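# Secondary and tertiary structure notes
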Amino acid sequence: MSGAALGLEIVVVFFLALFLLHRYGDFRKQQRMVLFGTLLAWYLCFLIVFILPLDVSTTIYKQCIIDHSPSPANHTAGNASASPTQSALKLCYKPWSYIPDGIMPVFWRVVYWTSQCLTWLLLPFMQSYARSGGFSITGKIKTALIENAIYYGTYLLIFGSLLIYVAVHPGWNLTWSELQTVGITAANTWGLFLLVLLLGYGLVEIPRSYWNASQHGHLLIKTYFKASKLMTEKADAEENLEDVMEEVRKVSESIKYNHPLRKAIDTILRKCPLDYQEKMGRNMDDYEDFDDKQNTYPSEKSLVKLHKQVIYAVQRHNRTRVQWQILLQQAIHLEDVARNETSSSHQFVHSFPSSDPSGWFSRYVYTPTAEWYWECLLKRWFYRLLSVVLTLFSVAVVWSECTFFSTQPVLSLFAVFIQLAEQDYNYLYIEMACFITIFFLCTCVYSTVFRIRVFNYYYLASHHQTDAYSLQFSGMLFCRLTPPLCLNFLGLIHMDSAISHQDKEQTAYTSIMGSMHILSVIANGFYIYYPMLIIILCIATYFSLGTRCLNLLGFQQFMGDNEMTSDLIDEGKELIRREKRKRQRMEDGENRRREWRERYGNQREELSTRNRSSHEMKETNYSDAVNTSNNRQAKYCRSGGAERDCIELLQDAEPLDFNAESLRDDPLDPEPGRHAGGRYLSMSSSRSRIFDDV
């Protein structure tokens, strides 16, 4: 099993990152560079979280060998030095996930430095490149470099100042490894500052969200509130799209097909919705040329700006439209739950049953009865129990964050659990405890990253509705938050000697971070006392101080004791009721059309069969008449005679008996005498051309 656990987790984490990217991104429409950069950033961060417990168990095994190996002073050289090592190996058996020496340091070095290059260098550039409205690769690169000039210039200024300070300072002789440690410490300090803010919010909000989810009435009212706000945003997005499309129409009409900037206009038009493309295409004259003397044309810079506006407006419009449909479905489902709670039949009935055929799971396992018990009875108690468990975890995290610096006695709860398992060398328990703890910490932090919204510039929306800028910004945040989060976790379990000040075997991850003795102020001050602020942030989140402040600033937030919230709830309820009536009318119309087809479909099929049979009979009669005409022509025409003689002979022949209904005289037909639709064109228009159709 040596190294097998590492390889398995590498594969599993890749598919996890790919699944999340598929949920939030769009593989078909977004640029491959954006998707690859985001996938790599998420993948590397998740790798750190999943592989770190294996590093901890391997380090404990190495510490066991060191503890059971006598010091060189207690035995002589020779064969006496071999037996203690063998006895130590017997006492300290290898964990099932043991990773051989030399693999983890290289692995952490590759993962860490790749993620740092992404977050500080590549992803900011790729963000500007993806948002650029340029029409060529060169133009997009130029725009991205200009937008990030201040960003990269600040880094160069700080790094240059640090180098000058180190060179001038007589007491500092920093090596390259120590200089790396300074850079790592600076990045981790910035990440820890943001980490505590996000963690303090998630530790309270996640348990509270599950507790509120168990209350269907509260959840339904909040859904009404979201519906009102989302409808306002949706109307604003539609209005913005209309304004941008009007600007595109004006530019498209002014720049004709022979203009040098017409290719840029075509690129912009391809980003517009299909209905707008059709409207603009109908208004264009393909043969109209441009005239430099008559019109004033926009510049390429203005077209770049317009292209950027089109991308943003279309993305926002699509996102709000999809989110409205999802929120509408959630509101209808919650109303169905509220209505079925009082049902005595214990059968869950949907207002709008799905038209898709039910699978075996719905037929045999998740039946209407099972659905009623889950939605109306068991789900709320499950969420309440989960909320209580998460609350206990949050309390343990807050307590450990405030006391993890104390090693004698050990006050951190997570350090106590790990040390108890370390006494029995229960590596499976150690790995599971480490994984659950770090997974809970990451859930609190990452869920806040997924929930947070900075106006319309950063917003992670599911169902493939996240734009490229938000995807890459989330990748940047993950790469900056994950390393300090893992260091903080190692400090909670007393596996980081820079904080615990214990002479123990270091994990491979902390060895990559470097020694903190050159920055003792940060190691002994900021890293220890700043996480204590998490208790203040938890109290502020519990009393919703941030929500109240945003509400005072004019950003409507859900507050039960607010008049504006009540008005928005009533408005959202009316919107949901209106959409339900609209959907009901559509379904009623579809049902009537289906019944009409079922009732009168057979009669229509019989009528069409009769029409086809009569059509075939007429074609048969016509072919017989033509054959008779040919025979009579051969009868009355002398071989080798002129066409005039044939006409004279046919004038004396017996006329053909055609049905008047089967003849049609169409003067607009370009080829008179042709068969059309089972009827026959008139043959009496010209005697001189009587044989044209024969």
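In this text the structure is predicted, and so the values were computed from the model without any measurement.

Calculation notes
Numbering of residues begins from 1 in every chain and follows the order in which that chain's sequence is written. Totals for whole chains, interfaces and linings use every residue, but because this is a predicted model, local features are given only for residues with pLDDT of at least 70 and side-chain atom pairs only at 80 or more, for both listing and counting. With hydrogens and water excluded, all non-hydrogen atoms of the structure serve as input to the side-chain values. Think of it this way: any DSSP run of H or I at least four residues long counts as a helix, any run of E at least two long counts as a strand, and we number them from the N terminus. Categorising residues by exposure relies on relative accessible area from a 1.4 Å probe, with only protein chains included: less than 20% of the type maximum marks a residue as buried, more than 50% marks it as exposed, and the intermediate range marks it as partly exposed. Contact criterion: two residues are considered in contact whenever any of their non-hydrogen atoms come within 4.5 Å of each other. To define a nonpolar core, start from buried Ala, Val, Leu, Ile, Met, Phe, Trp, Tyr and Cys residues and group those joined through side-chain atoms within 4.5 Å. Fitted lines through C-alpha atoms serve as axes, helices being fitted only where they are in contact, and the angles separating the N-to-C directions of these axes extend from 0 to 180 degrees. Any angle between 65 and 115 degrees counts as roughly perpendicular, while under 35 counts as roughly parallel, over 145 as roughly antiparallel, and the rest as oblique. Exposure above 30% relative accessible area and no salt bridge define the residues that can form patches, which grow by joining like charges within 9 Å and nonpolar side chains of Val, Leu, Ile, Met, Phe, Trp and Tyr within 5 Å. Note on areas: Shrake-Rupley, 1.4 Å probe, and residue coverage restricted to the protein chains presented here. Take a side-chain nitrogen of Lys or Arg and a carboxyl oxygen of Asp or Glu: if they are within 4 Å of each other, that pair is a salt bridge. Under this rule, positive means Lys or Arg and negative means Asp or Glu; His and the chain ends count for nothing. Where a charge lies is defined by one atom per residue type: Lys uses NZ, Arg uses CZ, Asp uses CG and Glu uses CD. For Phe, Tyr and Trp, where Trp contributes only its six-membered ring, two rings pair if their centres lie within 6.5 Å, and the inter-plane angle classes them as stacked under 30 degrees, edge-to-face over 60, or tilted in between. Only when the NZ of Lys or the CZ of Arg is both within 6 Å of the ring centre and within 35 degrees of the ring normal is a charge said to sit over the ring. Expected helix span is computed as 1.5 Å times (number of residues minus one). Directions drawn from the helix axis to the C-beta atoms are what define this arc. The angle separating two fitted axes, one through the seven residues that finish at a residue and one through the seven that start at it, defines the bend at that residue. Known as pLDDT, the predictor's per-residue confidence is scaled from 0 to 100.

When you go through the protein residue by residue, the secondary structure sums to 23 helices and four strands. In the protein, which comprises 694 residues, the proportion classed as buried is 39%. Here the contacts in the protein between residues at least 6 apart in sequence split such that 75% fall between residues at least 24 apart.

When a protein is soluble and globular, its nonpolar side chains tend to lie buried together. Counting 95 residues, the largest nonpolar core has Trp 42, Trp 108, Leu 203, Tyr 446, Ile 493 and Tyr 509 as its most contacted members. Top contributing element to this core by residue count: helix H2 (residues 32-67), with 20 residues. When near neighbours in sequence (up to four residues on either side) are disregarded, Tyr 509 contacts Ile 48, Leu 52, Asp 55, Trp 108, Thr 482, Pro 483, Cys 486, Leu 487 and Leu 490. The next biggest cluster of nonpolar side chains, apart from the first, holds 19 residues, and it includes Val 244, Leu 261, Met 280 and Ala 313.

Glancing now at the packing of helix H9 (residues 262-271) against helix H11 (residues 300-340). H11 packs onto H9 with a crossing angle of 10 degrees between their chain directions and a minimal axis gap of 9 Å. It follows from the interaxial angle that H9 and H11 lie roughly parallel. Only Leu 303, Leu 306, His 307, Val 310, Ile 311 and Val 314 of H11 make contact with H9, whose side of the interface consists of Ala 264, Ile 265, Thr 267, Ile 268 and Lys 271.

Viewed as axis vectors pointing N to C, helix H7 (residues 176-213) and helix H16 (residues 468-492) meet at an angle of 90 degrees, and their least axial separation amounts to 8 Å. Accordingly, the angle class assigned to the pair H7 and H16 is roughly perpendicular. Every residue of H16 that contacts H7 at Asn 188, Trp 190, Gly 191, Leu 192, Leu 194, Leu 195 and Leu 198 is listed here: Leu 477, Arg 480, Leu 481, Pro 483, Pro 484, Leu 485 and Leu 487.

The next thing to look at is a negative patch on the surface. Taken together, Glu 239, Glu 242, Asp 243, Asp 275 and Glu 278 make up a surface patch of like negative charges. For the negative patch, the secondary-structure elements that each account for two or more residues are helix H8 (216-254) and helix H10 (274-282). Looking at the secondary structure, you find Glu 278 in helix H10.

Moving on: the packing of aromatic side chains. For any pair of aromatic rings, the description rests on two quantities: the centre-to-centre distance and the angle between the ring planes. Scanning the entire structure with this criterion turns up 28 aromatic pairs. An angle of 40 degrees between the planes, with centres 6.4 Å apart, marks the rings of Phe 405 and Tyr 529 as tilted. Linking Phe 405 in the loop between helix H13 (368-403) and helix H14 (413-424) with Tyr 529 in helix H19 (residues 520-529), this pair joins segments that are 124 residues apart in sequence. By the ring-pair criterion, three or more aromatic residues cluster together here, those being Tyr 24, Trp 42, Phe 46, Tyr 446, Phe 450 and Phe 478. Sitting over the ring of Tyr 129, Lys 140 keeps its end group 5.6 Å from the ring centre. Residue placement shows Arg 480 over the ring face of Trp 190; its charged tip is 5.2 Å from the ring centre.

This next bit is on H14. Taking 1.5 Å per residue, twelve residues should reach 16 Å; H14 reaches 18 Å between its end C-alpha atoms and fits that length. Listing the buried residues of H14 in full gives Phe 414, Ala 415, Ile 418, Ala 421 and Glu 422. Within H14, the buried residues cover an arc of 135 degrees as seen down the axis, which keeps them to one side. Exposed side of H14, more than 90 degrees from the buried face: Gln 423 and Asp 424 are the residues found there. Looking at the buried side of H14, the elements it contacts are H2, H13, helix H15 (427-451) and H16. Phi turns positive, to about 55 degrees, at Tyr 425, one or two residues after H14.

Below, the discussion takes up the environment of Cys 92. Along the chain, the position of Cys 92 falls in the loop between helix H3 (82-91) and helix H4 (103-131). Since its relative accessible area comes to 1%, Cys 92 is described here as buried. Taking C-alpha positions, Cys 92 is 6.6 Å from Tyr 61, a pair spaced 31 residues apart along the chain.

Let's shift gears to the side chain of Glu 422. Assignment of secondary structure puts Glu 422 in helix H14. Residues in contact with Glu 422, not counting those within four places in the same chain, are Ile 60 and Ile 430.

The next thing to look at is the side chain of Glu 371. Examined against the element boundaries, Glu 371 turns out to sit in helix H13. For the buried Glu 371, no salt bridge exists, and the shortest N-O distance to an oppositely charged side chain is 9.2 Å, to Lys 379.

Together, Leu 533, Ile 535, Ile 536, Ile 539, Tyr 542, Phe 543 and Leu 545 line one region of the surface with nonpolar side chains, adding up to about 690 Å² of accessible area. Assessed through its relative accessible area of 54%, Tyr 542 is described here as exposed.

Once their charged atoms are close, side chains differing in charge can pair, the charge on each being opposite to the other. Counted according to the given criterion, the structure contains 17 salt bridges. Here Lys 234 ties to Glu 238 by a salt bridge, and the two come within 2.8 Å at their closest N and O atoms. Taken together, the positions of Lys 234 and Glu 238, both in helix H8 and four residues apart, correspond to about one turn of that helix. What makes Lys 234 buried here is its relative accessible area of 14%. Taking the relative accessible area as the measure of exposure, Glu 238 reaches 32% and is therefore partly exposed. Arg 316 is the partner of Asp 236 in a salt bridge, and the nearest nitrogen-oxygen pair spans 2.9 Å. Taken together, the residues Asp 236 in helix H8 and Arg 316 in helix H11 connect sequence positions 80 residues apart. Among the charged side chains, a salt-bridge network with shared partners connects Glu 246, Arg 249 and Glu 253.

Compared with the 56 Å implied by 1.5 Å per residue over 38 residues, the 53 Å span of H7 between its first and last C-alpha is a close match. Where H7 bends most, the angle comes to about 25 degrees, and this point is Gly 202.

Turning next to the confidence of the model for the protein. Mean pLDDT for the protein: 79, with 78% of residues reaching 70 or above. Taking the mean pLDDT of every element in the protein, the minimum, 36, falls on strand S4 (residues 680-681) and the maximum, 93, on H13. Counted against residues more than four places away or in other chains, residues 73-84, with its pLDDT under 50, gives six contacts. A low-confidence stretch, residues 632-694 (pLDDT under 50), is modelled with 46 contacts involving residues beyond four sequence positions or located in other chains.

Looking at where Glu 401 falls in the secondary structure, it is placed in helix H13. Glu 401 sits 91 residues away from Leu 492 along the chain, and the two C-alpha atoms are 6.9 Å apart. Residues contacting Glu 401, with those up to four places away along its chain left out, are Leu 199, Asn 488, Leu 492, Pro 531, Met 532 and Ile 534.

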